[in-house]
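# Chain and residue survey
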Amino acid sequence: GATATHRAGAAGSLLSGGVTPPDGTTVLLVRHGQPERRGRDGVLTALGSQQAAATARAIGLQRRDVLVSSTRRRAVQTATALGRVPVEVAGLDEFRSAQGGPEEERFGFAAPGLLHRGDAEESLPQFQERVRAALATLLDPPPAARLVVVVHSGVVDALLRWARGTDSADLWTC
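Residues numbered from 1 in each chain as written. Predicted model: local features only at pLDDT ≥ 70, side-chain atom pairs only at ≥ 80, totals over all residues. Heavy atoms only, no water.

### A look at the pattern of salt bridges
When charged atoms on two side chains of opposite charge get close, those side chains can pair. A complete count under the given rule lists 8 salt bridges for this structure. A salt bridge links R72 to E94, with the nearest nitrogen and oxygen atoms 3.4 Å apart. Placement of R72 in the loop between β4 (66–69) and α2 (73–81) and of E94 in the loop between β5 (87–88) and α3 (103–107) is noted, with a sequence separation of 22 residues between them. The same class applies to R72 and to E94, which are both buried. Residue D157 pairs with R161 through a salt bridge whose shortest N-O separation is 2.7 Å. Of this pair, D157 and R161 both sit in helix α5 (residues 153–164), 4 residues apart, which is roughly one turn of that helix. For D157, a relative accessible area of 1% gives the class buried. One salt-bridge network, in which partners are shared between bridges, spans D41, R72, R73, R74 and E94. (Salt bridge = Lys/Arg side-chain N within 4 Å of Asp/Glu carboxyl O. Helix = DSSP H or I, 4+ residues; strand = E, 2+ residues; numbered from the N terminus. Buried < 20%, exposed > 50% of the residue type's maximum accessible area, 1.4 Å probe, protein only.)

Below you can see the structure in the form of structure tokens.
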């Protein structure tokens, strides 16, 4: 069947939220390796590069696999370590905040204040809809092999919420 796999171990079927991979389609969700903590778009640390190399060995990217990432350097670097340059998809970028900085580390995407626009450039439901729409586009037409998606923890959170049928207002993180 269609599965989404997060390398930290969470798995589920992407059957809600309007995103239904065709039977036999496998979507692998990979969080980028450890980034430097400087600026909004840090590169991978030495440990992050090691994590990316270990993930590459675990996944064993094949020629027919479709490899995509967000446009952030840490995601692109991680994806490239899997074996080739990814297709960059802006719709898979992390949560957009007017404050700057990686939102995934600051909020964990369960903070009730993010449900409505405030100092954020988008609300949590808008973010989740953006990510859902990006995935739906990647699955239409369905890839011939696996879809490998290298992104941020908040994007993984959004996709797993659909897989589990969890609402954006529910307080939980992956």
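### Comments concerning the packing of helix α4 (residues 124–138) against α5
At a minimum axis distance of 10 Å, the contact between α4 and α5 shows a crossing angle of 80 degrees. In terms of orientation, α4 and α5 fall into the roughly perpendicular class. Along its contact with α4, which presents F127, Q128, E129, V131, R132 and L135, the element α5 presents G154, V155, D157, A158, L159, R161 and W162. Tallied by class, the residues present in the contact of α4 with α5 amount to 7 nonpolar, 2 polar and 4 charged. (Axes fitted to C-alpha atoms, helices over the stretch in contact; angles between N-to-C directions. Parallel < 35°, antiparallel > 145°, perpendicular 65-115°, else oblique. Contact = heavy atoms within 4.5 Å. Nonpolar A, V, L, I, M, F, W, Y, C, P; charged D, E, K, R; others polar.)

### A look at the environment of Q50
Here Q50 lies in helix α1 (residues 46–59). Using a relative accessible area of 53% as the deciding quantity, one classes Q50 as exposed. Placed 16 residues apart in sequence, Q50 and Q34 show a C-alpha to C-alpha distance of 9.2 Å.

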